[in-house]
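Spelled out, the chains give:
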Amino acid sequence: MKGFKIIVLAKQVPDTRNVGKDAMKADGTVNRAALPAIFNPEDLNALEQALRIKDKFPGSTITVLTMGPGRAAEIIREGLFRGADDGILLTDRAFAGSDTLATSYAISQTLKKYGKFDMIIAGRQAIDGDTAQVGPQVAEKMGLPQVTYAEEIQAIENGKITIKRRLERGVEVVKCSLPLVITVNGSAPECRARNAKLIMKYKHAKTVTELQVANDDYIQLYNDRPYLNIKEWTVQDIEVNMEELGLTGSPTKVKKVENVVLQSKEAKVITSSDDDINQLMTELIENHTIG
Amino acid sequence: MANYYTDNKDLKFHLTHPLMEKIVRLKERNFEETNKYDFAPMDYEDAQDSFDKVLDVVGEICGDIIAPNAESVDAEGPEIVDNHVVYAPGTEVNIDALRKAGLMGMSLPRRFDGLNFPIVPYIMAADIVSRADAGFVNIWGLQDCAETINEFASEEQKMKYLPRVSAGATMAMDLTEPDAGSDLQAVQLKATWDEEKGTWLLNGVKRFITNGDGDIALVLARSEAGTKDGRGLSMYVYDRNNGGVIVRRLEHKMGIIGSPTCELVFKDAPAELVGDRKLGLIKYVMALMNGARLGIHAQSVGVSEAAYREALEYAKERMQFGKAIIRFPAVYEMITTMKAKLDASRTLLYETARFVDMYKTYMHISEERKLEKEERQEMKKYQKLADIYTPLGKGLASEICNQLAYDAVQIHGGSGFMKDYPVERIYRDARITSIYEGTTQLQVVAAIRGVTTGGYLAQIREYEAQKITPELEYLRRTLIILTDDYEQAVKKVVETNDNEFIDFHARRMVEMAGHIIMSYLLVLDSARDASFTKSAKVFIKLTKSLVKGHAEFIRSSVMEDLGSYKIDLE
């Protein structure tokens, strides 16, 4: 049977799991130089889910899509080393400073340009922002159904996918039609290691920009082996409204960053009733959490 | 988030030894496969980069998966279910990770889906895996049985079995029997040709078979009915999918518990003859054993590394009398000596692996084309060196491994005796290294040729002539004196022409040669990287006391001494 066309959304993030004293700059922004850049852990869980589908349905293809600076091409190579088929690096100065809204806009415009696919799989959230918003926002903008907190893809039959979700107090199994957006929870299986042959096959893979700056003895390779050319897309390659990109397209503003010591020991349960939500909003505005 | 390759810079140092360029060029036949396989290297630098990146994955899997699983695998071990082996759950996870990472069949040619790595990076992977779990390395490392298939089997058999190994099939070498251990000439498992079925059938019992229920096994069996010695034995390949072999029992062992040690019953098990009849023991098993011995040398080094690290960590943290115990001379001497022995053992490992690489690669090339005269000479030179270094390395490194495991427990004091710390497992795991694939005593029997023919001495003289930095000159001077002591001791013993007297002193002479060789290698390492100087200095002090001691023992030894040791059995 023919396989599925899968897009994995991945992000290169500073490794905030091993934060030292110099992790933050004085101005409250992340000191990226002090933290190694890694493949966002839950995006690796997402990639593993995609690879399992590929194992089960030969002929499936996986494209890793990442938005970030030039060095984020590393994420695509990491994906190729594990079994992805190709990747797109979405990179442009115009994207700098994007919050989740501007990011999901840029990604969804890229996906529209990309063409047909069967599913988009992303990690639940990135460890630098912890918002868990980009996946769901992409789904909304693309008009696709979404299944969040996925832990296991159990079956794909007759255009329907069965997914086990990890919820706060248990699991839920849902069925959804293709295409869709899935965000994968960290409790899903860890991603497999890089594969020796794939490493050797793809280690020279580069974006156009990397090729220009590289002092590369193997330049001939890029003509002979098209798979070594990582697609690099800029705003020129997608249709966008510039106003919705980058800082201008980002309503989120960082007002202040400070160290907090968590004091409240008990969690508060708030129902979805209007009263509860009103009460919560009032509280949050009063203590300046929002607004 | 540990990486057992990148956290140990000594590995990369050995990986980039100057001889590697020649090895890689030969192995890659001047990079003729560059455009044939998308993962073949383009030049030496590209190949080195590939080794580095692939070993990085080995290190990551070892640090993140295999080492954390070692404790549960040791506690649970394998079991027999319906006459077959079921691994501990952690073992299955380990195998799956390595399989998916494509780390099986590392040294096999690309046409059999292998990575075509030289022995050096393959052995380095074994070194790394052994540090993570000494028991598990047996299951993974038995892939070097495939090398014997690659050397001696028919093209058809290679095509049939080798790609399966690359895809992750596990292997076994079925040699030992209840009455044939060190003396394999006594093997009795019967191989009979069945005309009707058109296949060889195997019948009998094998014992102490590591990973005996592996997917593909090489079996030593008696094909010539009525014979009693090694000349009646042939080598077979058995495919587990064909059935006919059951696992009757798993041994309860002191260590390497995760590695199943099986008693196998063959009942009309179909098998294919490998190579020629009657050459089973004399040719093929020797090749198999040499590969396995190099593997045990790597295992010994990996376990030594684990022991050293556990000891160092504990000695830095453990506070007594108001300070960390590593600050006491009794302890820091132990730790520093451990590191020196570890470095010595490892440098001998990679020297041996390079010799094997040079000779085996020439051997494979000689099957493709006639070697030039110079190439033939080089092949012979390295074959001789590989032959005398393999038992020397296995023998000495496994003893060092045991010493390090002992010292690591000692440094932990009472805590080391408890199951709470990994050293307890390391101590049990280390013990087998000086026993299997030939005890140290048998390695000495194989290595003594290097002493009596002057093979070690000639190589020592070669090391002596190599360029080093002036700061290391005084170390060389010491070693020249010790080499004279060795030469005189050997002369005295060999001149007696008495085999029993030579056997009596064999281990002493082999140890002297081995220590001088390891010392020289450390000096040469120091010339390339000053960080080895401390180990070189410390190890040469050990070598000096050992060589002087042994030399004195031999100097004052007379033939009548043997009588003082012989045991009266009447």
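Residues numbered from 1 in each chain as written. Chains lettered and ligands numbered in written order. Predicted model: local features only at pLDDT ≥ 70, side-chain atom pairs only at ≥ 80, totals over all residues.

## What about the overall build of chain A?
1) Next: Per the secondary structure count, chain A includes 8 helices and 12 strands.
2) Next: Computed over C-alpha atoms, the radius of gyration of chain A comes to 20 Å, within 12% of the 19 Å expected from 2.2 N^0.38 for 291 residues, which places it in the range of a compact globule.
3) Next: For chain A, the proportion of its 291 residues judged to be buried stands at 38%.
4) Next: The long-range share in chain A, meaning contacts at least 24 apart out of those at least 6 apart in sequence, stands at 69%. (Helix = DSSP H or I, 4+ residues; strand = E, 2+ residues; numbered from the N terminus. Rg over C-alpha atoms; globule rule 2.2 N^0.38 Å. Buried ≥ 20, exposed ≤ 12 C-beta atoms within 10 Å, placed from the backbone. Contact = placed C-beta atoms within 7 Å.)

## A look at the interface of chain B and chain A
1) Next: Taken together, the contact between chain B and chain A spans 16 residues of the former and 12 residues of the latter.
2) Next: Mapped by element, the contributors of at least two residues to the side of chain B that touches chain A are helix 3 (44–76) and helix 4 (89–100) of chain B.
3) Next: Top element by residues in the side of chain B that touches chain A is helix 3 of chain B. It accounts for 7 residues.
4) Next: Across the side of chain B that touches chain A, the residue classes tally to 9 nonpolar, 2 polar and 5 charged. (Nonpolar A, V, L, I, M, F, W, Y, C, P; charged D, E, K, R; others polar.)

## Here we look at the environment of B:Glu313
1) Next: Tracing the backbone through its elements, the reader meets B:Glu313 in helix 9 (residues 280–317).
2) Next: Note on B:Glu313: 15 C-beta atoms within 10 Å, which makes it partly exposed.

## Quick word on the pairing of strand 4 (residues 61–67) of chain A
Residues and elements named next belong to chain A.
1) Next: Across the 7 residues that make up strand 4, a large majority, 6, are buried.
2) Next: Bridge count for strand 1 (residues 5–10) against strand 4 is 6 bridges, and the pairing is parallel. Of the residues in strand 4, the one forming a bridge with lysine 5 is threonine 61.
3) Next: With 5 bridges joining them, strand 4 and strand 5 (residues 86–90) adopt parallel strand pairing. When the sheet's bridge partners are listed, threonine 66 is paired in strand 5 with leucine 89. (Pairing = 2+ DSSP bridges.)

## Topic: the domain arrangement of chain B
1) Next: Under the domain assignment, chain B is made up of domain 1 (9–166 + 282–434), domain 2 (171–278) and domain 3 (451–562).
2) Next: Once you take the C-alpha centre of each, domain 2 of chain B and domain 3 of chain B turn out to be 41 Å apart. (Domains from an automatic or database assignment.)

## Remarks on the environment of B:Val285
Residues and elements named next belong to chain B.
1) Next: Position of valine 285 relative to the elements: it lies in helix 9.
2) Next: Judged by C-beta crowding, with 22 C-beta atoms within 10 Å, valine 285 ranks as buried.
3) Next: A sequence separation of 190 residues divides valine 285 from leucine 475, and the C-alpha atoms of the two residues are 40 Å apart.
4) Next: In this structure valine 285 touches Leu175, Leu184, Leu220, Met235 and Gly280, once residues within four positions along its chain are discounted.

## Quick look at the nonpolar core
1) Next: One finds A:Val8, B:Val58, B:Val129, B:Leu202, B:Tyr236 and B:Ala307 to be the most contacted residues of the largest nonpolar core, which totals 239 residues.
2) Next: Here the element with the most residues in this core is helix 9 of chain B; it accounts for 17 residues.
3) Next: Beyond its immediate stretch of four places on either side in the chain, B:Ala307 contacts B:Leu404, B:Ala405, B:Ala408, B:Val423, B:Ile426 and B:Ala430. (Core = buried A, V, L, I, M, F, W, Y, C linked by C-beta atoms within 7 Å.)

## A short note on the sheet that holds strand 11 (residues 206–207) of chain A
Residue and element names in this part refer to chain A.
1) Next: Strand order in the open sheet formed by 10 strands is 9-8-7-10-6-1-4-5-12-11, and the pairing between neighbours is mixed. Unpaired on one side and paired on the other, strand 9 (170–177) and strand 11 mark the two borders of the sheet.
2) Next: Sheet topology note: the strand 7 (residues 146–157)/strand 8 (residues 160–167) ladder contains 6 bridges and is antiparallel. Bridged to alanine 150 within strand 8 is arginine 165.
3) Next: Against the sheet, helix 1 (residues 41–56) contacts strand 1, strand 4, strand 6 (119–123), strand 7 and strand 10 (180–184), and its axis sits at roughly 145° relative to strand 6. (Axes fitted to C-alpha atoms, helices over the stretch in contact; angles between N-to-C directions.)

## A word on helix 1 of chain A
1) Next: Between its first and last C-alpha atoms helix 1 of chain A spans 23 Å; for 16 residues at 1.5 Å apiece the expected length is 22 Å, and the two agree.
2) Next: Looking at helix 1 of chain A, one finds that the buried residues are A:Glu42, A:Asp43, A:Leu44, A:Asn45, A:Ala46, A:Leu47, A:Glu48, A:Gln49, A:Ala50, A:Leu51 and A:Ile53. (Expected span 1.5 Å × (residues − 1).)

## Observations concerning unusual backbone geometry
1) Next: The amide bond that connects A:Leu178 to the next residue, A:Pro179, takes the cis arrangement and shows omega of -10°.
2) Next: Of note, the phi angle at B:Asp82 is positive, near 50°, even though the residue is not glycine.
3) Next: In this structure, B:Asp82 sits in the loop between strand 1 (79–81) and strand 2 (84–86).
4) Next: With 7 C-beta atoms packed within 10 Å, B:Asp82 lands in the exposed category.

## So, the pairing of strand 7 of chain A
Residue and element names in this part refer to chain A.
1) Next: As paired strands, strand 7 and strand 10 are joined by 3 bridges and run parallel to one another. By the bridge assignment, glutamine 146 is partnered in strand 10 with valine 181.
2) Next: Hairpin connection from strand 7 to strand 8: 2 residues lie between these consecutive antiparallel strands, with asparagine 158 at a positive phi of about 50°.

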